[in-house]
Every structure is written in C-alpha cells, then in structure tokens.
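# Inside the fold
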Amino acid sequence: RTMWQLSYRLESEEEAMILSKSGPQRLLEEVMRRCRDWHEPVPQLLVETPLESVWGTGLMDRMPKHAHSKRAHSSQEYSRVVVLGDAKHAMSPFKGQGANQALTDATLLASWLTRASIDSALLGFERDMIHRTSKQVQASREAAGFYHSEDAIQDTLKFA
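Residues numbered from 1 in each chain as written. Predicted model: local features only at pLDDT ≥ 70, side-chain atom pairs only at ≥ 80, totals over all residues. Heavy atoms only, no water.

## Quick look at the nonpolar core
- Within the largest apolar cluster, 8 residues are counted, these being Leu108, Leu109, Trp112, Ala121, Leu122, Phe125, Met129 and Ile130.
- If you list the elements that add at least two residues to this core, you get helix H6 (98-115) and helix H7 (118-147).
- For Ala121, the residues in contact, after removing those within four places along its chain, are Trp112, Leu113 and Ala116. (Core = buried A, V, L, I, M, F, W, Y, C linked by side-chain atoms within 4.5 Å. Buried < 20%, exposed > 50% of the residue type's maximum accessible area, 1.4 Å probe, protein only. Helix = DSSP H or I, 4+ residues; strand = E, 2+ residues; numbered from the N terminus. Contact = heavy atoms within 4.5 Å.)

In structure tokens form, the structure reads like this:
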C-alpha cells in the first residue's frame, strides 16, 4: 500500500473549502491535472489510487489572539477556559512545529499555575504563549509560501 500527499497554494480559503468538499473524484482530478507532467511513477501512482482513500483539506494558520484581558479579568464573566495548541495558534506543517508548540504551551501553563493565582496565571500564560508562538506561526507561514513558490526549487536551503 502506498501513501502520498500533495500540497499546493490556492488563492483563497473559500476556494480551498469548495475543493475539499467537492469529493474524492474531483480532488483526484485536480491532483492529476497539477501533476500531469511529472515523471514516472507519479502519474501511475495517481491512476492506481483508490478513490476511497482520497481526501483533502485546507491548511491554514492563525495568529494567536488574547482571550483573557484585564478588563475581562475584573468582570463576573471572566472565563477560566484555556485554549492552547492548534486551537489557539494553528500553523501549517511546513516547519514541523504544531505539536511542539502545543507541548510547550502545556508546560508553560503548568509553570504559571504553580507560581500565581489562577486568574493571574491565565493572563501571564497567554501573554507569554502569544509572544512565543506568534514567531512560530509567522515562520511556518513564510515556509509555506516559500515551499509553494518557484524559488523552492532554486533555493532549497533557505528554510532548512
């Protein structure tokens, strides 16, 4: 059994959603169109791909935003729900940092909870997490842009 993956840039989130919902036949047709001039065994591999194994999804990133604030902190509506990992700062897989950042979020949260009140810990955790992960999301975004550009073939060491 063989597994393959193809990623390519689309111009909008809407276009990605339409394609991912269009079904396996349409997705495979799009992949075959994009890979029609590739060398063997790629075309044969695509032809032999069982339709039930084809799926697609948009890969998008999200800069982390503050959910807790001092204003919310002083109100009765203040939430103690903590969001971390991809739910807070989704990033494309092109720097391989998604799981690493989620694990680091967990240790950072634990560290804050051992040294401050819950309310202060949530504020401190969020501030530090946003500072750290914003850089990773941006680096992942830049890598995705690079790997989906003509420059990727010319300069493979730029994002190594």
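## Concerning the layout of surface pockets
- The computed volume of the largest pocket comes to approximately 1,200 Å³.
- What lines the largest pocket is a set of 37 residues, and nearest its centre among them are Leu6, Ser7, Tyr8, Thr57 and Leu59.
- Put simply, the parts of the chain that give the lining of the largest pocket at least two residues each are helix H1 (13-20), helix H2 (24-34) and H7.
- When residues in the lining of the largest pocket are grouped by element, the largest group, 4 residues, is from H1.
- When its residues are assigned to classes, the lining of the largest pocket shows 17 nonpolar, 13 polar and 7 charged.
- Looking at the second largest pocket, the residues that line it are Gln5, Leu6, Ser7, Tyr8, Arg34, Trp38 and His148. (1 Å grid on protein atoms, 1.4 Å probe; cavity = no way out; pocket = protein on both sides within 12 Å on 5 of 7 lines; lining within 4 Å. Points joined across faces, edges and corners; volume = space filled by probe spheres on them. Nonpolar A, V, L, I, M, F, W, Y, C, P; charged D, E, K, R; others polar.)

## Some points on the pattern of salt bridges
- In total, this model carries 6 salt bridges according to the counting rule given.
- Ionic pairing is found between Glu30 and Arg34, a salt bridge with its closest N-O pair at 2.7 Å. Taken together, the residues Glu30 and Arg34, both in helix H2 and 4 residues apart, mark about one turn of the helix.
- Note that Lys88 and Glu126 form a salt bridge whose closest N and O atoms lie 3.3 Å from each other. Remark: Glu126 occurs in helix H7 and Lys88 occurs in helix H5 (residues 86-89); sequence separation between them is 38 residues. Of the two residues, Lys88 and Glu126, both sit in the buried class.
- Members of the salt-bridge network, linked through shared partners, are Arg26, Glu30, Arg33 and Arg34. (Salt bridge = Lys/Arg side-chain N within 4 Å of Asp/Glu carboxyl O.)

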